[in-house]
Amino acid sequence: MLRLLSSTFLISMTLGAGLAIAQTPQVAAPPARPTPPTRDPHTPGYVTATELPDGTLPPANADGNFIIGPTHNYASEMAEQTGVPKGTVYEFTMNSADSKIYPGIARDANTFGTADPANPGKLMVTTSHPAPYVRKVSVYVPKQYVPGTAAPFIVGADGPDRALFLALDNLIAEHKVPAMIAISIGNGGGDAQGSERGLEYDTMSGRYAEFVEKEVLPLVEKQYNVKLTKDPEGRATMGGSSGGSCALIMAWYHPELYHRVLTYSGTYVNQQWPYHPETPHGAWEFHEHLIAKTPAKPIRLWMEVGDRDLLNPNAMRDEMHDWVVANEKMARVLAAKGYHYQFVFARNAGHTDRAVKQQTLSEALEYVWQGYPVAGEKK
């Protein structure tokens with residue numbers, strides 16, 4: 001069933017029992033997650049960053065590392081404004097039965113997994129099994145879109161992202177970003193290893209980008225009479241947490257498809273499942289090996305982490321589950337490799353902090369779209 005909404009309205013393998021299972025008992029529930037400590041951005045080993053006056057943001061054309069906060073007021077672009085053309089938001093659903101790439105899995109409730117005794121960086125999950133899902137997809141088409149033209153677009157994880165649609169209404173009207181289509185895709189359910197969401201977002205491969213390319217974008221074009229650009233310079237990805245690592249994974253494994261990436265509290269940690277020997281530490285491999293050892297790719301990246309972001313030892317105890325450290329390491333290796341990136345360390349901020357997003361999203365979008373033609377003059 002399709003629904004048509006205005007952006008104004010929207011804002012406000014279970015395996016059978018057996019000896020093999022008995023040899024790898026499951027934890028009844030994940031260990032209690034400790035309250036993350038407040039991290040100091042000037043900690044030895046963290047990247048050198050420019051501390052900005054409270055309430056201000058870095059310039060949208062500036063590469064490098066910045067510290068913001070602790071006050072996070074909404075940017076003007078995150079409020080509905082009179083006289084601004086409103087885009088249209090469409091919604092549709094996708095069923096797992098129709099997918100050739102993601103037919104669906106789930107992990108049993110109140111189970112997690114066990115660390116491999118021979119390899120603490122490897123999690124064994126035996127309670128994951130085939131399971132159906134239904135995902136929602138929201139498509140924002142700006143009022144300025146000219147039918148028949150190939151439009152730039154941004155693909156977002158964990159949709160629908162109504163804050164994104166409102167920001168685009170205002171930024172497009174101000175000629176700060178191109179008149180782009182936004183495709184906000186819901187996940188297939190669950191979280192972390194053994195779940196559909198974890199499989200989609202944390203797997204170090206081109207699989208999710210291929211799913212979007214083959215199964216989502218053709219539906220968007222057909223159902224809403226739009227044309228999406230094939231130029232990777234006109235394609236962006238975004239997300240928070242595992243959706244953030246997914247956004248970079250999409251561009252990393254398919255740079256011929258995406259060149260622009262925006263992440264909040266990116267899960268650049270060891271959360272991949274199933275285990276793969278080529279990337280044994282999952283997205284932790286980005287800053288541990290991959291970026292440093294691979295010729296620089298044409299990717300522009302905006303990323304954020306909060307001073308109270310996640311620190312989750314979990315069952316693995318592998319010391320690769322600190323979100324702040326992971327993002328700090330990302331900033332260091334991106335700088336060393338000469339990437340265009342902007343890293344924002346937010347004081348007084350938790351994981352994918354809503355107030356931080358409302359403060360920074362408009363600036364982040366401007367940064368990510370630097371260098372792309374924008375019709376008219378900035379207001």
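Before reading on, note that the structure itself is shown above.
Reference entry: report on the structure contained in this document. Owing to the predicted nature of the structure, the values given are computational and were not obtained by experimental measurement.

Conventions adopted
Residues numbered from 1 in each chain as written. Predicted model: local features only at pLDDT ≥ 70, side-chain atom pairs only at ≥ 80, totals over all residues. Heavy atoms only, no water. Helix = DSSP H or I, 4+ residues; strand = E, 2+ residues; numbered from the N terminus. Expected span 1.5 Å × (residues − 1). Buried < 20%, exposed > 50% of the residue type's maximum accessible area, 1.4 Å probe, protein only. Axes fitted to C-alpha atoms, helices over the stretch in contact; angles between N-to-C directions. Parallel < 35°, antiparallel > 145°, perpendicular 65-115°, else oblique. Contact = heavy atoms within 4.5 Å. Nonpolar A, V, L, I, M, F, W, Y, C, P; charged D, E, K, R; others polar. Phe/Tyr/Trp six-rings, centres within 6.5 Å; stacked < 30°, edge-to-face > 60°. Lys NZ or Arg CZ within 6 Å of the ring centre and 35° of its normal. Core = buried A, V, L, I, M, F, W, Y, C linked by side-chain atoms within 4.5 Å. Salt bridge = Lys/Arg side-chain N within 4 Å of Asp/Glu carboxyl O. Polar contact = N/O pair within 3.5 Å; in protein donor to acceptor, adjacent residues only side chain to side chain. Right-handed = clockwise from strand over helix to strand, strands pointing away. Pairing = 2+ DSSP bridges.

What follows covers helix H6 (residues 242-253). Across its 12 residues, H6 extends 16 Å between first and last C-alpha, which sits within 8% of the 16 Å expected from 1.5 Å per residue. In terms of burial, H6 is largely enclosed, as 11 of its 12 residues are buried. Listed as buried for H6 are Ser242, Gly243, Gly244, Ser245, Cys246, Ala247, Leu248, Ile249, Met250, Ala251 and Trp252.

Moving on: the packing of helix H7 (residues 285-293) against helix H8 (residues 323-337). Axis separation between H7 and H8 bottoms out at 9 Å; the angle between their running directions is 10°. Judged by the inter-axis angle, H7 sits roughly parallel to H8. In this structure, H7 contributes Phe286, His287, Ile291 and Ala292 to the contact, and H8 contributes Ala326, Lys329, Met330, Val333, Leu334 and Lys337. In terms of residue class, the contact of H7 with H8 is built from 7 nonpolar, 1 polar and 2 charged.

Looking now at the packing of aromatic side chains. Following the criterion strictly, the structure yields 12 aromatic pairs and no others. Residues Tyr201 and Tyr208 carry aromatic rings whose centres are separated by 5.6 Å and whose planes lie at 90° to one another, so their mutual orientation is edge-to-face. For the pair Tyr201 and Tyr208, one class covers both residues: buried. Summarising the aromatic geometry, the rings of Trp252 and Phe286 are spaced 5.6 Å apart at their centres and angled 80° between planes, so their arrangement reads as edge-to-face. Of this pair, Trp252 sits in helix H6 while Phe286 sits in helix H7; the two residues are 34 residues apart in sequence, bridging distant segments of the chain. Across the pair, Phe286 and Trp252 agree in class, each one buried. Ring-pair connections join several aromatic residues into one group, and the members of that group are Tyr102, Tyr201, Tyr208 and Phe211. Directly above the ring of Tyr275 sits Lys122, whose terminal nitrogen or CZ lies 4.9 Å from the centroid.

Another aspect to go through is the nonpolar core. Counting 73 residues, the largest nonpolar core has Ile183, Val212, Tyr258 and Phe286 as the members making the most contacts within it. Those residues within four positions of Tyr258 in sequence are excluded, and the remaining contacts are Phe153, Val155, Ala209, Val212, Glu213, Leu217, Pro232, Arg235, Ala236, Thr237, Met250 and Ala251. One finds Ala62, Trp302, Ala346 and Tyr372 within the second-largest nonpolar core, a separate group that totals 35 residues.

What follows covers the pattern of salt bridges. Overall, the coordinates contain 10 salt bridges when judged by the stated rule. Between Arg39 and Asp322 there is a salt bridge, with its nearest N and O atoms 3.0 Å apart. Linking Arg39 in the loop between helix H2 (19-22) and strand E2 (50-51) with Asp322 in the loop between strand E16 (300-306) and H8, this pair joins segments that are 283 residues apart in sequence. Residue classification places Arg39 among the buried positions, given a relative accessible area of 9%. Linking Arg197 and Asp191 is a salt bridge whose minimum nitrogen-to-oxygen distance equals 2.6 Å.

Of note, Thr237 is situated in strand E14 (residues 235-240). One polar contact links the side chain of Thr237 to the main-chain carbonyl oxygen of Ala247, over a distance of 2.8 Å. If we skip the residues at most four places from it in the chain, Thr237 touches Ile154, Val155, Ala247, Met250, Tyr258, Arg260, Val261 and Leu262.

Counting buried positions along E16 gives 7 out of 7 residues, so the element sits mostly inside the fold. Burial along E16 is two-sided: Arg300, Trp302, Glu304 and Gly306 facing one way and Leu301, Met303 and Val305 facing the other are all buried. The handedness of the strand E15 (residues 260-264) to E16 crossover, carried by H7, is right-handed. Of the strand pairs in this sheet, E16 and strand E17 (residues 340-346) are connected by 7 bridges, and their pairing is parallel. Bridge pairing in E17 places Met303 opposite Phe343. Regarding the hand of the β-α-β motif, the stretch spanning E16, H8 and E17 is right-handed.

These figures come from the coordinates and say nothing about function on their own.
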